[in-house]
Amino acid sequence: MVLLLATAMAVGAVDSVEIRGKVATEGATWTADDFAGFYYDLDDNIKTEELTTTLTDNKLAEPNGVVYTTTAQKADFEYEPWGSYNVIGFMAEKYFAGYLDTPDTTDDVLFHESKDENVLSDEQVLQILVDNDDERTLTSGTPLDLEEGYELAISAIDIDGNKVYLELRKDGTVVDSKVISPSKDGATMKDKTYYYKKDVGDSKDVVIVAAHFKNAFRGADTNLATVDGLWQLSDTPKDVSENTEYDKMTIQTVTADTIIMNNEDNDITLSKNKDITLMPGISIRTADADELRYYIYKEITEPGVHEIRGDVATGTYTWDADNFAGFYYDIDDNIKTEELTATITGENKLSEPNGVVYTTTAQKADFEYEAWGSYNVIGFMAEKYFAGYLDTPDTTDDVLFHESKDENVLSDEQVLQILVDNDDERTLTSGTPLDLEEGYELAISAIDIDGNKVYLELQKDGVVVDSKVISPSKTGATMKDKTYYYKRDIGDSKDVVIVAAHFKNAFRGSDTNLATVDGLWQLSDTPKDVSENTEYDKMTIQTVTADTIIMNNEDNDITLSKNKDIVLMPGISIRTADADELRYYIYKEVTIEGEEAAPTPAEAAPAVDETEDKTAVEKVETAVAEEVNKTEEEAKAVEEKAKEEVKAEPEKEEENKTAPQAPGFSSIFALTGLLAVAYLVLSRRD
């Protein structure tokens, strides 16, 4: 049971993030300026990739309906004395194309020690795994861990501390050893640099690991050295030879610095609601709409913290959902609500109060279960929120609007996070409640003999907070008959529907009761405060209306000096280039959680002393027998009570009251626990 629970929790932790480019309605061109998925270096303003689409009757006709070009650019090593190399973005990832010669110096050791210094000339590129100038200390007992199973270790240091004997291991096997002399008088760059070169694919003697040693020291008990420059390339090349196919794209041309691909032999029709993979790392998504609307995007699933950036600016600039993928956007209905303007004055300063102005205006959106009508959605601080329910004229199907007293929560200066909005069909049974967010679950308590009336209970954190009878299968059932809803006071808003489920049908069987849900909606029961004068980091809310929120940087001058990371508000920050000229963008960070390891069997169940097995089993068996006898009558009473409640449907519902928990449930849960213990003990005994 514990293992099963751990597995379920691990699966639920998997997540992903989509980084999209600008939205297009016809042929378009994307570069790193307007597609944050492409490789970009803010400090040196390096961008290499470009993708162009050409439309013919909503078709990207082969061979040149899609053309992708990437051209290598010069980049400096983080440890700058080593010089520079050619970097290239390829399929939205950063790669190494070749080492570059630095005139009038021999410090460019990695270039001079590589035989085939330009790997792109050999029609391949290598992933850059490590490039930094962080200082770290190695000791004889703590090797330096690298990527792909490599580690660099001090084997010995001579008595003067001048010579360091190093070993490089891969997967525990020594693949290279070398002596360097970082501390000797007049040491050159080569004396201070450990390097490892090998044949990689068709390229010969390429340096794939390098470490610059600042110094070395031999002590009485340990040897140590300081590394202040580190570089590593993958030893598995990426093939970019001509005619290589990557999904719908084929490489046409490869030179010493450029790769060109197109969609040869692959016509691509941009029909509505499509998700089309162009190549690994880059896909196209089209709107579920009659008019053509589409964008390219990159999906990231790797656990960790990832940055979604907006367009790069050099002066006053405005971002909205078109040029900042961090803002909320609905491609199907073309809904975008947020806009942020940065106004530069004086010495690269965003002067208060209006150096930064953020405005968001609610827009009409349809529920995924469309029969319920529509609501106002609003992006706030780069997240999607609910602002209020909307009335649909000439119908009563808009149950969520009619059943909410304060239908517009933004008028009460608050918004609610939208947790669930879908029209997926799912089946509930009497034994499998519907799990919702924030600890809620919706369960079938009973169904009458005709299958017309369904008695439902909503629990939060195991406590019943609402119960209701609906009639989805009766003749002439209305939307209200088919919709379960739960409303409550949220902050300053009264009687807001925060949970709703549309039941397509219900059925009572001989062994189990079941029902089909085909519309589901949930709002958070914790409001987000958007009242005037509320401060969020450097931003303060100035104006709130029934549909709009305006913020600015009142009382907070912001200077855009070089190499700064400035939080504007939760969800939106500014990053400036480490350069003399002003270059900056706004960005949003997204964290993708990794899977948690399931506990080992030894962790899942504590060991049981075999000498105590018999006594433990006898105690459990006795307790189970007693509990069965005690619970049997209570369980019958619960069933009869549920049947009576279904038959006697209340004419007037009492809402916002905590329903009492049915008698006997605690005994049933106790019985389940005792049976589980008995099973585990008996399994150990066997």
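Sequence order sets the numbering: in each chain, residues are counted from 1 along the sequence as written. Local features are withheld for residues below a pLDDT of 70 in this predicted model, meaning they are given only at 70 or higher, and side-chain atom pairs are given and counted only at 80 or more; totals for whole chains, interfaces and linings count all residues. Hydrogen atoms and water are omitted, and side-chain values are computed over all heavy atoms in the structure.

> Got a minute to help me understand the sheet that holds strand β21 (residues 245–246) in this structure?
What links the strands of a sheet is backbone hydrogen bonding, and the strands pair in either a parallel or an antiparallel sense. Reading across the sheet, the six strands line up as β2-β5-β7-β23-β22-β21 and stay open at both edges, with antiparallel pairing between neighbours. Edge positions in the open sheet fall to β2 (28–31) and β21, since each of these has one partner strand only. The sheet contact formed by β21 and strand β22 (residues 249–254) spans two bridges and is antiparallel. For Tyr246, the partnering residue across the bridge sits in β22 and is Met249. Paired strands, in this sense, are two strands between which DSSP finds at least two bridges. Numbered from the N terminus, helices here are DSSP runs of H or I no shorter than four residues, and strands are runs of E no shorter than two.

> Can you walk me through empty space enclosed by the protein in this structure?
Where empty space is left can be seen by rolling a probe of water-molecule size over the atoms. Using a 1 Å grid laid over the protein atoms alone, points where a 1.4 Å probe fits but cannot get out form a cavity; open sets with protein on both sides within 12 Å along at least 5 of 7 lines form a pocket; any residue with an atom within 4 Å of a point counts as lining. Grid points are joined across faces, edges and corners, and a volume is the space filled by probe spheres set on the points. Following the criterion strictly, the structure yields one cavity of 30 Å³ or more and no others. Approximately 70 Å³ is the volume attributed to the largest cavity. In terms of lining, the largest cavity is formed by 15 residues, of which the most central are Arg20, Asp34, Ala36, Arg309 and Asn323. For the lining of the largest cavity, a count of residues per class yields five nonpolar, three polar and seven charged. Following the grouping adopted for this structure description, the nonpolar residues are Ala, Val, Leu, Ile, Met, Phe, Trp, Tyr, Cys and Pro, the charged ones are Asp, Glu, Lys and Arg, and the polar ones are all others, Gly among them.

> Would you mind showing me how to read the sheet that holds strand β50 (residues 548–552) here?
The sheet built from six strands is open, its strands ordered β29-β32-β34-β50-β49-β48 with antiparallel pairing. With one partner strand each, in any of the chains shown, β29 (317–320) and β48 (535–536) form the two edges of the open sheet. Sheet topology places strand β32 (residues 338–342) next to strand β34 (residues 356–361); five bridges connect them, and they run antiparallel. Within β34, the residue paired with Glu338 across the bridge is Thr360.

> I tried to follow the environment of Tyr68 on my own but got confused; where do I start?
By the element assignment, Tyr68 lies in strand β7 (residues 66–71). Expressed as a C-alpha distance, the spacing of Tyr68 and Leu51, which sit 17 residues apart in the sequence, is 4.4 Å. Nitrogen and oxygen atoms within 3.5 Å of one another constitute a polar contact, given that in protein one can donate a hydrogen and the other can accept it, and given that sequence-neighbouring residues count only through two side-chain atoms. A polar contact is formed between the side chain of Tyr68 and the backbone oxygen of Gly89, at a distance of 3.4 Å.

> Even after reading the chapter, I still don't get the pairing of β34, so can you show me in this structure?
When a strand is regular, its side chains alternate between the sheet's two faces. Taking every second residue as pointing to the same face, the buried face of β34 carries Val356, Tyr358 and Thr360, while none of Val357, Thr359 and Thr361 on the other face is buried. Two elements, β34 and β50, share five bridges in a ladder whose sense is antiparallel. Within β50, the residue paired with Tyr358 across the bridge is Met551. Categorising residues by exposure relies on relative accessible area from a 1.4 Å probe, with only protein chains included: less than 20% of the type maximum marks a residue as buried, more than 50% marks it as exposed, and the intermediate range marks it as partly exposed.

> Teacher, can you tell me more about a negative patch on the surface here?
Side chains of Asp43, Asp44, Asp76, Glu78, Glu80, Asp133 and Asp134 sit close together on the surface and give a patch of like negative charge. Relative to the helices and strands, Glu78 is located in the loop between β8 (73–76) and β9 (84–90). To count toward a patch, a residue needs a relative accessible area above 30% and no salt bridge. Like charges then connect within 9 Å, nonpolar side chains (Val, Leu, Ile, Met, Phe, Trp, Tyr) within 5 Å. In short, Shrake-Rupley with a 1.4 Å probe defines the accessible areas, and a residue's cover is counted only from the protein chains shown. Any Lys or Arg side-chain nitrogen located within 4 Å of an Asp or Glu carboxyl oxygen qualifies as a salt bridge. Charge counting follows a simple rule: Lys and Arg are positive, Asp and Glu are negative, and His as well as the terminal groups are ignored. Note on charges: their place is set at NZ of Lys, CZ of Arg, CG of Asp or CD of Glu.

> Can you help me understand the packing of aromatic side chains in this one?
Centre-to-centre distance and the angle between the planes together describe a pair of aromatic rings. A pair of Phe, Tyr and Trp rings is counted when the ring centres sit within 6.5 Å of each other, with Trp represented by its six-membered ring. The angle between the planes then sorts it: under 30 degrees is stacked, over 60 is edge-to-face, the rest tilted. One pass over the full model with this rule turns up 37 aromatic pairs. Where Phe327 meets Tyr358, the ring centres are 6.3 Å apart and the plane angle is 55°; that geometry is what we call tilted. Taken together, the positions of Phe327 in the loop between β29 and β30 (329–330) and Tyr358 in strand β34 put the pair 31 residues apart, joining distant regions of the chain. We classify Phe327 as buried; its relative accessible area is 2%. Relative accessible area serves as the criterion here: at 0%, Tyr358 is assigned to the buried category. Joined through ring pairs, the aromatic side chains of Phe77, Tyr79, Trp82, Tyr85, Phe96, Tyr99 and Trp231 make up one cluster. Working rule: Lys NZ or Arg CZ, within 6 Å of ring centre, within 35 degrees of ring normal, means a charge sits over the ring. The ring of Tyr297 has Arg285 lying over it, and the distance from NZ or CZ to the ring centre is 4.5 Å.

> Explanation requested: the layout of surface pockets in the structure shown.
When its volume is computed, the largest pocket comes out at roughly 1,900 Å³. Around the largest pocket, the lining is made up of 48 residues, and of these Tyr328, Glu383, Lys384, Ile418 and Leu419 lie nearest the centre. Taken together, the elements giving at least two residues each to the lining of the largest pocket come down to β1 (17–20), β30, β35 (363–366), β37 (383–389), β38 (414–422), β41 (440–447) and β54 (584–592). Take the lining of the largest pocket: its biggest share by element is five residues, from β38. For the lining of the largest pocket, the per-class residue count stands at 19 nonpolar, eight polar and 21 charged. Of the voids in this model, the second largest pocket is the one considered here, and its volume is about 1,500 Å³.

> When you look at unusual backbone geometry in this model, what are you seeing that I'm missing?
Backbone phi values are negative for most residues with the exception of glycine, while trans is the configuration of most peptide bonds. A cis amide bond, omega 5°, links Glu62 with the succeeding residue Pro63. Within the secondary structure, Pro63 sits in the loop between β6 (59–60) and β7. With omega at 10°, the peptide bond leading from Glu352 into Pro353 counts as cis. Along the chain, the position of Pro353 falls in the loop between β33 (349–350) and β34. Positive phi values are uncommon outside glycine, yet Asn58 reaches one of about 60°.

> Could you clarify how one ought to interpret the pattern of salt bridges in this entry?
Should the charged atoms of two oppositely charged side chains come close, the side chains can pair. For the structure on display, the rule yields 30 salt bridges. Its salt-bridge partner being Glu383, residue Lys588 comes within 3.5 Å of it at the nearest N-O pair. Of the two residues, Lys588 sits in strand β54 while Glu383 sits in strand β37, which places them 205 residues apart along the sequence. A salt bridge links Glu425 to Lys504, with the shortest nitrogen-to-oxygen separation between them at 2.8 Å. Note that Glu425 is positioned in the loop between β38 and β39 (426–429) and Lys504 in strand β45 (residues 493–508), a separation of 79 residues in sequence. Here Lys504 falls in the partly exposed class, since its relative accessible area comes to 39%. Taken together, the shared-partner salt bridges in this structure form one network comprising Glu18, Asp275 and Arg285.

> Any chance you could explain the side chain of Asp518 here in plain terms?
With respect to the helices, strands and loops of the structure, Asp518 is situated in strand β46 (residues 513–523). Despite its burial, Asp518 pairs with no opposite charge; the closest candidate is Lys504, at 5.4 Å N-O. Reaching out from Asp518, the side chain makes a polar contact with the side chain of His502 at a distance of 2.6 Å. Throughout, a residue-residue contact means that at least one pair of heavy atoms, one from each residue, lies within 4.5 Å. Look past the residues within four positions of Asp518 in its chain and what remains in contact with it is Tyr369, Asn422, Asp423, Asp424, Glu425, His502, Phe503 and Lys504.

> Mind showing me how you'd approach the confidence of the model for the protein here?
Detailed reading of the predicted coordinates is not advisable wherever pLDDT falls low. pLDDT runs from 0 to 100 and stands for how confident the predictor is about each residue. Of all residues in the protein, 85% attain a pLDDT of 70 or more, and the chain-wide mean is 87. A low-confidence stretch, residues 596–639 stays under pLDDT 50, and its non-local contacts, those more than four residues away or across chains, total 36 contacts. Scored below 50 in pLDDT, residues 645–686 makes 54 contacts in the model with residues more than four places away or belonging to other chains.

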